[in-house]
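Letter by letter, the chains look like this.
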Amino acid sequence: YDEDDFDARPDFTEPEILRTNLASVILQMTAIGLGDVARFPFVEAPDSRSIRDGDQLLEELAAIEPAREGARRLTEIGRRLARLPTDPRLGRMILEADRHGSVREVLVIAAALSIQDVRERPVEQRERAAQLHARFRVPGSDLLSIVALWDHLRARQRELSGNQFRRMCRDEFLHYLRVREWTDLYSQLRRVAGDLGIRPGSDESHPDHVHRAVLAGHLSHIGMRDGDRREYRGARQAEFVIAPGSVLTRRPPQWDVATELVETDRLYARRLATIDPAWAERLGAHLVKRSYGDARWDERGARAVTTEQVTLYGLPIVTDRVVGLDRVDVTEARAWFITKALVEGEWATNHAFVQRNAAFL
């Protein structure tokens, strides 16, 4: 750059607290009891929008209790999350992986998402690099492709000397120093997770269990395909497309979850996996909204029923589910039962009191 460009630059870079996600800061401050972040006397105070975004992310991860009068408090998930030295989204993945027995795979993925992609694609040899990297592609999941690459690297590392392994990485367009960083970070995460009683298993985990754990940390990154178009509807009316190079590009699924959303000329989703939207109902139980249709009588089930729809960030993750009206309104469900079953007789039963009622009538 020229001298004029240099002279026009600020004397100091912007403080980190003004340009990073504050979720980790809020999480740690709440864990050690420093009170409201907005009132803390920072030298360079973050703006209210950044604090709000951080709070919103922690609420999404079920790490912090909903806002009430007084100090915010961490949930059990939040207290465990504060002990993991990683991005809260990745930490939430690791905690959920412990429930599903997919700790090894999720630790590998979390470590990979924390660094720059180890795969290199030099312009002059892009096609050759793509062919070599394609060996690790797993249909339906960029994340399991990461695990496949990890397994390949670990196997080769055991077979080769240090220099041979370095040459292999160069020949296969893999950045050797990033591979080392990936390995070191995995070891650190495994050690810290072990302190929480979270340990990798010896058996390979089912792909769905891996993807459920990833979804737990990225509930606001789910997408629903918009008809036959390649665009996806995301949380809060966002729209994104799958970035080139993903294994999902050729056959886009109906639903997916992205671990990265990058905005350039449009919003691109990277490192994705196919998901079942019903998984989000349990993982996002604290976030979903439920709505119900008109009540009706189900003679076969001898109960009043209604239709339930469940949405997460405006996306319909469950549609047209039939549930008992008693889950919504016990009083109305009882009134329906009295009217339809007892008065109008739309109830096939052998109870003696029903026969006595009929005889009395």
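Presented here is an overview of the structure given in this document. Keep in mind that this is a model prediction, so the values were computed, not measured.

### Concerning the overall build of the protein
Inference 1: Per the secondary structure count, the protein includes 14 helices and 9 strands.
Inference 2: A compact globule built from 361 residues would reach a C-alpha radius of gyration of about 21 Å, whereas the protein, at 26 Å, exceeds it by more than 25%.
Inference 3: If one aligns the C-alpha atoms of the protein with their principal axes, the spans along those axes are about 100 × 50 × 45 Å.
Inference 4: Here the protein holds 361 residues, and 42% of them are scored as buried.
Inference 5: Partitioning the intrachain contacts of the protein with sequence separation of at least 6 by distance along the chain shows that 58% fall at a separation of at least 24.
Inference 6: For the protein, the exposed area adds up to about 21000 Å²; of that, 47% sits on carbon and sulfur atoms.

### Details of the packing of helix 8 (residues 142–159) against helix 9 (residues 162–171)
If you want to describe how two helices pack, look at the angle between their axes and the distance between the axes.
Inference 1: Interhelical geometry of helix 8 versus helix 9 gives an angle of 145 degrees and a closest axis separation of 9 Å. Once helix 8 is placed against helix 9, the crossing between them reads as right-handed. Residues His152, Leu153, Arg156 and Gln157 of helix 8 touch helix 9, and the partners they reach there are Phe165, Met168 and Cys169.
Inference 2: Split by residue class, the contact of helix 8 with helix 9 holds 4 nonpolar, 2 polar and 1 charged.

### A short note on the pairing of strand 9 (residues 315–324)
Inference 1: Pairing analysis gives 7 bridges linking strand 8 (residues 303–312) to strand 9, with the strands arranged antiparallel. Counterpart to Glu308 in the pairing with strand 9 is Arg321.
Inference 2: Counting the residues in the hairpin turn of strand 8 and strand 9 gives 2 residues, including Tyr313, whose phi is positive at 55 degrees.

### A closer look at unusual backbone geometry
Inference 1: Here the phi dihedral of Ala302 falls at roughly 55 degrees; this positive angle occurs in a residue that is not glycine.
Inference 2: Relative to the helices and strands, Ala302 is located in the loop between strand 7 (296–298) and strand 8.
Inference 3: Phi at Tyr313 takes a positive value of approximately 55 degrees, unusual for a residue other than glycine.
Inference 4: With respect to the helices and strands, Tyr313 occurs in the loop between strand 8 and strand 9.
Inference 5: Here Tyr313 falls in the buried class, since its relative accessible area comes to 18%.

### Details of the pairing of strand 4 (residues 255–263)
Inference 1: Alignment of strand 1 (residues 222–225) against strand 4, held across 3 bridges, turns out to be antiparallel. Along strand 4, the bridge assignment pairs Met224 with Trp255.
Inference 2: What sits between the antiparallel neighbours strand 4 and strand 5 (residues 267–274) is a turn of 3 residues.

### Examining the sheet that holds strand 3 (residues 239–242)
Inference 1: Spatially, the 5 strands close up into a barrel ordered 1-2-3-5-4, and their pairing is mixed.
Inference 2: Here strand 4 pairs with strand 5 via 7 bridges, running antiparallel. By the bridge assignment, Val257 is partnered in strand 5 with Ala273.
Inference 3: Across the sheet, helix 8 lies against strand 4 and strand 5, angled at about 70 degrees from strand 5, the strand it touches most.

### What about the pattern of salt bridges?
Inference 1: This structure, assessed with the given rule, holds 26 salt bridges.
Inference 2: Arg89 is the partner of Glu60 in a salt bridge, and the nearest nitrogen-oxygen pair spans 2.9 Å. Here Glu60, found in helix 3 (residues 48–60), pairs with Arg89, found in helix 5 (residues 88–100); they are 29 residues apart in sequence, far enough to count as distant. Accessibility assignment for this pair places Glu60 and Arg89 in one class, buried.
Inference 3: Between Arg156 and Glu159 there is a salt bridge; the shortest N-O distance is 2.7 Å. Of this pair, Arg156 and Glu159 both sit in helix 8, 3 residues apart, which is roughly one turn of the helix.

### A closer look at the packing of helix 6 (residues 103–113) against helix 10 (residues 176–195)
Inference 1: Put simply, helix 6 and helix 10 touch, their axes get as near as 9 Å, and they point 130 degrees apart. In terms of their interaxial angle, helix 6 and helix 10 are classed as oblique. In this structure, helix 6 meets helix 10 at a crossing whose hand is right-handed. The residues of helix 10 that touch helix 6, namely those facing Arg104, Leu107, Val108, Ala110, Ala111 and Ala112, are Trp182, Leu185, Tyr186, Leu189 and Arg190.
Inference 2: When its residues are assigned to classes, the contact of helix 6 with helix 10 shows 9 nonpolar, no polar and 2 charged.

### Side note on the packing of aromatic side chains
Inference 1: Taken as a whole and assessed by the stated rule, the structure comprises 9 aromatic pairs.
Inference 2: Seen in terms of ring centroids, Trp297 and Phe337 are 6.2 Å apart; in terms of plane orientation they differ by 55 degrees. Their pairing is tilted. Residue Trp297 is located in strand 7, and its partner Phe337 is located in helix 13 (residues 330–343); the two are separated by 40 residues in the primary sequence.
Inference 3: Phe337 sits in the partly exposed class, given a relative accessible area of 26%.
Inference 4: An angle of 55 degrees between the planes, with centres 6.3 Å apart, marks the rings of Trp347 and Phe353 as tilted.
Inference 5: Take Phe353: its relative accessible area is 34%, and that puts it in the partly exposed class.

Definitions and cut-offs
Residues numbered from 1 in each chain as written. Predicted model: local features only at pLDDT ≥ 70, side-chain atom pairs only at ≥ 80, totals over all residues. Heavy atoms only, no water. Helix = DSSP H or I, 4+ residues; strand = E, 2+ residues; numbered from the N terminus. Rg over C-alpha atoms; globule rule 2.2 N^0.38 Å. Buried < 20%, exposed > 50% of the residue type's maximum accessible area, 1.4 Å probe, protein only. Contact = heavy atoms within 4.5 Å. Areas by Shrake-Rupley, 256 points an atom, 1.4 Å probe, with all protein chains shown as cover. Axes fitted to C-alpha atoms, helices over the stretch in contact; angles between N-to-C directions. Left-handed = near helix turned anticlockwise from the far one by under 90°. Nonpolar A, V, L, I, M, F, W, Y, C, P; charged D, E, K, R; others polar. Pairing = 2+ DSSP bridges. Salt bridge = Lys/Arg side-chain N within 4 Å of Asp/Glu carboxyl O. Parallel < 35°, antiparallel > 145°, perpendicular 65-115°, else oblique. Phe/Tyr/Trp six-rings, centres within 6.5 Å; stacked < 30°, edge-to-face > 60°.

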